[in-house]
Amino acid sequence: MQTVTSPDVPHGVRQVEIGPERDGQRIDNALMTILKGVPKSMIYRILRTGQVRVNGKRAKPDTRLSQGDMLRIPPVRVAERTAEQAASQGAIAAAAEAVIFEDKHFLVIDKPTGMASHGGSGVSHGAIELLRQARPKEHLELVHRLDRDTSGVLVFAKTRAGLTGLQAAIRANEVTKQYLCLMVGHPPKARFDVNAPLQKSILQGGERMVRVSEGGKPSLTFFREIEQYSGARLMQATLGTGRTHQIRVHAAHIGHPLAGDTKYGDKEANKRFRERGLNRLFLHASHMSFELDGRSYSFSAQLPEDLKSFLDALAAKGRSGR
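Keep in mind that this is a model prediction, so the values were computed, not measured. (Residues numbered from 1 in each chain as written. Predicted model: local features only at pLDDT ≥ 70, side-chain atom pairs only at ≥ 80, totals over all residues. Heavy atoms only, no water.)

Novice: Would you mind going over the pattern of salt bridges with me for this structure?
Specialist: Where charged atoms from two side chains of opposite charge come close, those side chains can pair. Across all of its chains, the model carries 12 salt bridges by this definition. Here Glu 225 and Arg 233 are joined by a salt bridge, their closest N and O atoms 3.5 Å apart. Looking at Arg 233, the relative accessible area reads 10%, which means it is buried. The salt bridge involving Arg 280 is made with Asp 306; its shortest N-O contact spans 3.6 Å. (Salt bridge = Lys/Arg side-chain N within 4 Å of Asp/Glu carboxyl O. Buried < 20%, exposed > 50% of the residue type's maximum accessible area, 1.4 Å probe, protein only.)

Novice: What is the right way to read the pairing of strand β15 (residues 232–239) from this model?
Specialist: For a regular strand, the rule is simple: side chains alternate between the two faces of the sheet. Buried residues dominate β15, accounting for 8 of its 8 residues. Here 7 bridges tie strand β10 (residues 176–184) to β15, and the two strands are oriented antiparallel to one another. Within the sheet, the bridge partner assigned to Cys 181 lies in β15 and is Met 235. For strand β14 (residues 220–229) and β15, the ladder comprises 8 bridges, and the chain directions are antiparallel. Its bridge partner being in β15, Thr 221 is matched across the sheet by Leu 239. Here β14 folds back onto β15 in antiparallel fashion, the turn holding 2 residues, of which Gly 231 has a positive phi close to 75°. (Helix = DSSP H or I, 4+ residues; strand = E, 2+ residues; numbered from the N terminus. Pairing = 2+ DSSP bridges.)

Novice: In this structure, what is going on with the nonpolar core? I would like to understand it.
Specialist: Nonpolar side chains tend toward joint burial in soluble globular proteins. Judged by nonpolar contacts, the single largest core of 32 residues is most densely connected at Ile 109, Phe 156, Tyr 179, Cys 181, Phe 223, Ile 247 and Leu 258. Residues within four places of Ile 109 in sequence aside, it is in contact with Ala 95, Ala 98, Val 99, Ile 100, Ala 127, Leu 131, Gly 152, Val 153, Leu 154 and Phe 156. In this structure, Ala 30, Leu 35, Val 54 and Leu 71 belong to the second largest nonpolar core, which totals 19 residues. (Core = buried A, V, L, I, M, F, W, Y, C linked by side-chain atoms within 4.5 Å. Contact = heavy atoms within 4.5 Å.)

Novice: Could you clarify how one ought to interpret the pairing of strand β7 (residues 106–111) in this entry?
Specialist: Counting buried residues in β7 gives 5 out of 6 residues, a clear majority hidden from the surface. Two elements, strand β6 (residues 99–102) and β7, share 3 bridges in a ladder whose sense is antiparallel. Bridge pairing in β7 links Phe 101 to Val 108. Taking the residues that link successive antiparallel strands as the turn, the β6-β7 hairpin has 3 residues.

Novice: Any chance you could explain the packing of aromatic side chains here in plain terms?
Specialist: To describe a pair of aromatic rings, you give the distance between the ring centres and the angle between the ring planes. Within the structure shown, the criterion is met by 10 aromatic pairs. Grouping aromatic residues by their ring pairs yields a cluster made of Phe 101, Phe 106, Phe 290, Tyr 297 and Phe 299. (Phe/Tyr/Trp six-rings, centres within 6.5 Å; stacked < 30°, edge-to-face > 60°.)

Novice: Just to check I follow, could you spell out the environment of Asp 266 for this structure?
Specialist: Within the element layout of this structure, Asp 266 appears in the loop between α6 (246–253) and α7 (267–275). Note on Asp 266: relative accessible area 31%, which makes it partly exposed. Taking C-alpha positions, Asp 266 is 8.6 Å from Ala 252, a pair spaced 14 residues apart along the chain. A polar contact of 3.0 Å, which involves the side chain of Asp 266, links it to the backbone nitrogen of Glu 268. (Polar contact = N/O pair within 3.5 Å; in protein donor to acceptor, adjacent residues only side chain to side chain.)

The structure is reproduced here in structure tokens:
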């Protein structure tokens, strides 16, 4: 049985019975599809104010739906629905050209820095919107997210089985995610773990921040040195858990923030690195692997040319001693 919506009464409450194709889906993502064209800000507003209910109970944005659930959607003014504005052909082409893998279940891109994973918060079009415009006849869902400034492996699902299967594997910590990052300074060990709970908070201006807090969620990152440079170390970071800004906050917590990190980093170090050509956060999602239905998947993305060039500049500085 597919998801069934009660007769659409203008400006009235809608009752939606959840079918198998939405089993396990986050409610915010489901609403973005069901209320296609309604601004994301409105979707999160009706969730935040308790107007959306599942089986009579208030739902949070990360509530996951189950087959057979009854979803109550409050009246949404049709006038507030807006047609999705077309992105530039250049942006659509950039997303389409970034594809590094595709099969019947998944589509994977090497996301460029500066491209958001999805639209919202002042961003009209993220990778998911761009790919949907590039492939209007295909069904694509964002499986996970990367920060806008982070480049590298980003996975989309083409089927419901792919989406729910991989998201379940992520929740069960059965997915390997590795990043390349440049730490400021010289960590005392070549291999070390950071096990520090993280807690999210929203500042008055709406900016999202994460900090180490005893009341936060358990968070674990494994760091391994790859290369030594003047005033910095290239590290491989493997996620033991997948919290927001985890690598960035854990790096800052031990006194060696990531180069180019304007939120949690070292301003003076960032200024020095900028003079050497680093104009972004040095964080790249280099590898992701998992197993699903007996098949092994492994995706890798090489370090982008701008970061390679910056490392060459650092290496030259080290050789010259300047």
